[in-house]
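Residue strings, one per chain:
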Amino acid sequence: DTHLQQTKDFSELTFAGRATSLGSSVRTLVERYQGRPLAGILLFTDGNATDLPGGLPDLSGMPPVYPVVIGQDQPAQDIALQNVAVTQTAFEDAPVSIQAAVAAAGYPDTNVVAQLFDQTGKKVAEQKEKTRSDDEALSFRFQIRPEKSGISFYRLRVSTQGELDQFTNPQNSTEATVANNSRVFVVDRGQGPYRILYVAGRPNWEFKFLNRALAEDDQVQLVGLIRIADRERKFEFRGRSSESSNPLYRGFDKTQEDTERYDQAVLRRLNVRDEAELRSGFPKIPEDLYLYQAVVLDDLEAGFFTREQMNLLQKFVSERGGGLLMLGGQESFHEGKFEHTPIGDMLPVYLDRTPEIPSAAELRLELTREGWLQPWTRLRNNEIEERTRLQSMPPFQVLNNVRDIRPGASTIASVI
């Protein structure tokens with residue numbers, strides 16, 4: 001077992017231990033009988049030990065150890081689930097992949113069946129693989145779509161095709177044990193739909209096409225907060241007599257109570273739940289910001305946010321686990337003065353000491369090695385068609401240059 005213990009006779013041995021501390025038990029015997037005339041140690045063992053990863057310990061100064069090997073040269077028949085890996089996404093309509101590694105010892109040229117059951121006992125899927133050698137590892141892969149959202153439990157069990165009843169009648173099994181034939185795992189489908197807050201410094205094409213692409217997606221809701229007019233500086237404002245609203249509203253039949261003041265940016269809300277959502281602009285308290293799973297900043301300068309809003313967005317990422325994406329533009333990254341701010345500290349690039357590079361009229365996108373390995377960066381089935389697509393893209397006119405990437409970040413694409 002895990003430690004040395006005394007017994008009067010063999011009837012007290014239950015063989016229910018969770019480890020075989022062979023090396024430490026022998027050393028404990030030596031220390032216990034130090035200086036006493038111990039003739040030797042008789043060791044009954046099957047050769048398995050859980051505390052000898054580096055081989056046998058130093059046996060100098062120890063009495064003789066006489067091993068009595070128990071067992072057979074051939075391993076006992078056994079089918080075991082060695083590993084079960086679950087791959088899933090946050091979207092409820094995407095399938096869940098279950099990869100199982102199964103070891104089959106003593107069953108050559110035998111059909112092994114893997115069965116998947118849900119928490120009600122209903123069989124969801126079944127696969128069959130045939131062993132080719134006496135000790136072969138098999139691989140099973142399932143793809144399922146849970147019927148409900150949230151957390152679900154599934155049971156995966158394996159056995160030979162002729163012994164599927166061993167789980168109800170273990171006495172009929174020819175295996176050494178059936179305790180390693182099943183595994184319970186959990187699948188968390190989340191609670192969609194997932195809401196993304198898109199904050200843009202000006203109306204642009206990016207929001208238009210992204211909003212159009214997600215319009216029919218039931219799992220993602222894109223909420224827009226678009227600035228269509230910036231605030232006027234107080235010392236530069238030249239309004240008409242008794243005018244305090246933003247000049248953008250001149251000529252419209254609106255009262256000054258219904259419009260933003262001249263020193264306030266004019267924001268438009270799109271795809272909001274109700275009239276109260278984002279009415280005061282970008283969220284100022286956690287209860288308002290935590291309604292979203294991710295925030296996208298597009299062509300927006302750091303001066304748009306207060307210091308409290310920046311700290312709130314940092315907590316949204318570091319404590320809440322939300323996502324943050326900054327798109328490029330004339331008011332993004334270094335050009336937006338995000339260096340030495342809570343938002344700039346979260347970005348995967350360094351914004352300080354940005355090197356000067358010659359301006360180029362046309363900038364072409366090129367994927368890096370990591371970019372070619374990411375499926376979400378490619379839109380074609382093969383490399384030739386993907387390179388043709390990249391070459392046919394219109395060139396970029398704006399470049400947000402950075403000094404370097406932070407540790408742990410990966411460069412997916414660059415410009416040439």
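Before any of the text, the structure's been laid out above.
The text that follows walks through the structure, step by step, so that each part is easy to find. (Residues numbered from 1 in each chain as written. Predicted model: local features only at pLDDT ≥ 70, side-chain atom pairs only at ≥ 80, totals over all residues. Heavy atoms only, no water.)

## Points about the overall build of the protein
In plain terms, the rule: Put simply, DSSP H or I for four residues or longer makes a helix, DSSP E for two residues or longer makes a strand, and each gets a number counted from the N terminus. Exposure is judged per residue with a 1.4 Å probe applied to protein chains only, and the accessible area is read against the type maximum: over 50% gives exposed, under 20% gives buried, and values in between give partly exposed. When checking whether two residues touch, look at their non-hydrogen atoms; a contact exists if any pair is within 4.5 Å. Each accessible area is a Shrake-Rupley result for a 1.4 Å probe, and residues are judged covered by the shown protein chains and nothing else.
A count of helices and strands for the protein gives seven helices and 16 strands. Within the protein, the proportion of its 416 residues that are buried is 33%. Pairs at least 24 apart in sequence give 67% of the contacts found in the protein among residues at least 6 apart. Approximately 26700 Å² of the protein is accessible, and the part contributed by carbon and sulfur atoms is 50%.

## Details of the sheet that holds strand β3 (residues 78-87)
For clarity, the threshold we go by: Strand pairing is assigned whenever DSSP identifies at least 2 bridges connecting the two strands. Orientation is described by axes fitted as lines to C-alpha atoms, over the contacting stretch for helices, and by angles from 0 to 180 degrees between their N-to-C directions.
One open sheet accounts for three strands, arranged β3-β4-β7; its pairing is antiparallel. On the outer flanks of this sheet lie β3 and β7 (135-144), each paired with one strand and no other. Across this sheet, the average inter-strand angle for adjacent strands is 20 degrees, counted without regard to direction. One ladder, built from ten bridges, connects strand β4 (residues 96-105) with β7; its direction is antiparallel. Paired with I98 across the bridge in β7 is F142.

## Observations concerning the environment of G201
Within the secondary structure, G201 is located in the loop between β10 (194-200) and α2 (205-213). Looking at G201, the relative accessible area reads 6%, which means it is buried. With 100 residues separating them along the chain, G201 and E301 place their C-alpha atoms 7.6 Å apart.

## Some thoughts on helix α4 (residues 307-318)
Using the following cut-off: Here the expected length of a helix is defined as 1.5 Å per residue gap, with one fewer gap than residues. Regarding the arc, it is the one traced by the directions from the helix axis to the C-beta atoms.
Between the first and last C-alpha of α4 there are 17 Å, a value that for twelve residues agrees with the 16 Å anticipated at 1.5 Å per step. When α4 is considered as a whole, its buried residues turn out to be Q309, M310, L312, L313 and F316. Down the axis of α4, the sector holding all buried residues measures 160 degrees, keeping them to one side. Of the exposed residues in α4, the ones pointing more than 90 degrees away from its buried face are E308 and S318.

## Brief notes about helix α7 (residues 383-392)
What counts is decided by this rule: In the analysis that follows, any N or O atom pair within 3.5 Å is treated as a polar contact, provided that within protein one partner can donate a hydrogen and the other can accept it, and provided that, for residues neighboring in sequence, both atoms belong to side chains.
Listing the buried residues of α7 in full gives E386, R389 and L390. Buried residues of α7, viewed axially, fall in a sector of 95 degrees; they line one side. Exposed residues pointing more than 90 degrees away from the buried face of α7 are listed as I384, Q391 and S392. Packing partners of the buried residues in α7 comprise β15 (365-367) and α6 (369-373). If you check the start of α7, you find a side-chain oxygen 3.3 Å away from the backbone N of I384, and it comes from N382.

## Details of the sheet that holds strand β5 (residues 111-118)
Strands sit in the order β6-β5-β8-β9 across an open sheet of four strands; the sheet is antiparallel. Taken across any chain shown, the strands that pair with only one partner, and hence form the sheet edges, are β6 (123-130) and β9 (182-188). Pairs of neighbouring strands in the sheet enclose a mean axial angle of 20 degrees, with direction left out of account. Where strand β8 (residues 151-160) lies against β9, seven bridges are found, and the strand directions are antiparallel. Bridge pairing in β9 links S152 to V187.

## Remarks on the nonpolar core
This is how it is decided: Here, nonpolar core means buried Ala, Val, Leu, Ile, Met, Phe, Trp, Tyr and Cys residues that are tied together by side-chain atoms lying within 4.5 Å of each other.
In terms of nonpolar packing, the biggest core is built from 27 residues, with L197, F282 and F305 touching the most fellow members. Counting residues per element, the ones that place at least two in this core are β10, β11 (220-229), β13 (294-298) and α4. Core analysis: the next-biggest nonpolar cluster, separate from the first, contains 22 residues, V84, A100, L116 and I144 among them.

## Here's the deal with the packing of aromatic side chains
Each pair of aromatic rings is reported with the distance of its centres and the angle of its planes. Worth spelling out the cut-off: The aromatic pairing rule takes the rings of Phe, Tyr and Trp, using the six-membered ring of Trp, and pairs them if the centres are within 6.5 Å, calling planes under 30 degrees apart stacked, those over 60 edge-to-face and the rest tilted.
Scanning all chains against the criterion turns up six aromatic pairs. Between W205 and F209, the ring centres sit 6.0 Å apart and the planes meet at 25 degrees, which makes this aromatic pair stacked. Taken together, the positions of W205 and F209, both in helix α2 and four residues apart, correspond to about one turn of that helix. Judged by its relative accessible area of 58%, W205 falls in the exposed class. A relative accessible area of 44% places F209 in the partly exposed class. Seen in terms of ring centroids, F282 and F305 are 5.1 Å apart; in terms of plane orientation they differ by 85 degrees. Their pairing is edge-to-face. Linking F282 in the loop between β12 (266-270) and α3 (286-289) with F305 in the loop between β13 and α4, this pair joins segments that are 23 residues apart in sequence. By relative accessible area, which is 3% here, F282 ends up buried.

## Concerning the pairing of β5
Extensive coverage of β5 is indicated by the burial of seven of its eight residues. Taken together, the seven bridges between β5 and β6 define a ladder with antiparallel strand orientation. Bridge assignment links F117 to a residue of β6, and that residue is K123. Note: β5 against β8, seven bridges, orientation antiparallel. Note that in β8 the partner of L116 across the bridge is L156.

## Quick notes on a nonpolar patch on the surface
For the record, the criterion: Patches in this entry comprise residues that are over 30% relatively accessible and not in a salt bridge; like charges within 9 Å are linked, as are nonpolar side chains (Val, Leu, Ile, Met, Phe, Trp, Tyr) within 5 Å. Any Lys or Arg side-chain nitrogen found within 4 Å of a carboxyl oxygen on Asp or Glu counts as a salt bridge.
Together, L42, F44, Y66, V68 and I70 give the surface a local cluster of nonpolar side chains, amounting to about 500 Å² of exposed area. Taken together, the elements giving at least two residues each to the nonpolar patch come down to β1 (41-45) and β2 (65-69). When you line up the elements, V68 lands in strand β2.

## Description of the pattern of salt bridges
Per the stated rule, a full pass over the model turns up eleven salt bridges. Where E275 meets R279, a salt bridge forms, and the shortest distance between an N and an O atom there is 2.8 Å. Both residues of the pair, E275 and R279, count as exposed. Between R387 and E383 there is a salt bridge, with the nearest N and O atoms lying 2.9 Å from each other. Separated by four residues within a single helix, R387 and E383 lie in helix α7, roughly one turn from each other. The exposure class assigned to R387 is partly exposed, which follows from its relative accessible area of 38%. In this structure E383 comes out as partly exposed when scored by relative accessible area, which is 43%.

All we've got here are geometric facts, nothing functional implied.
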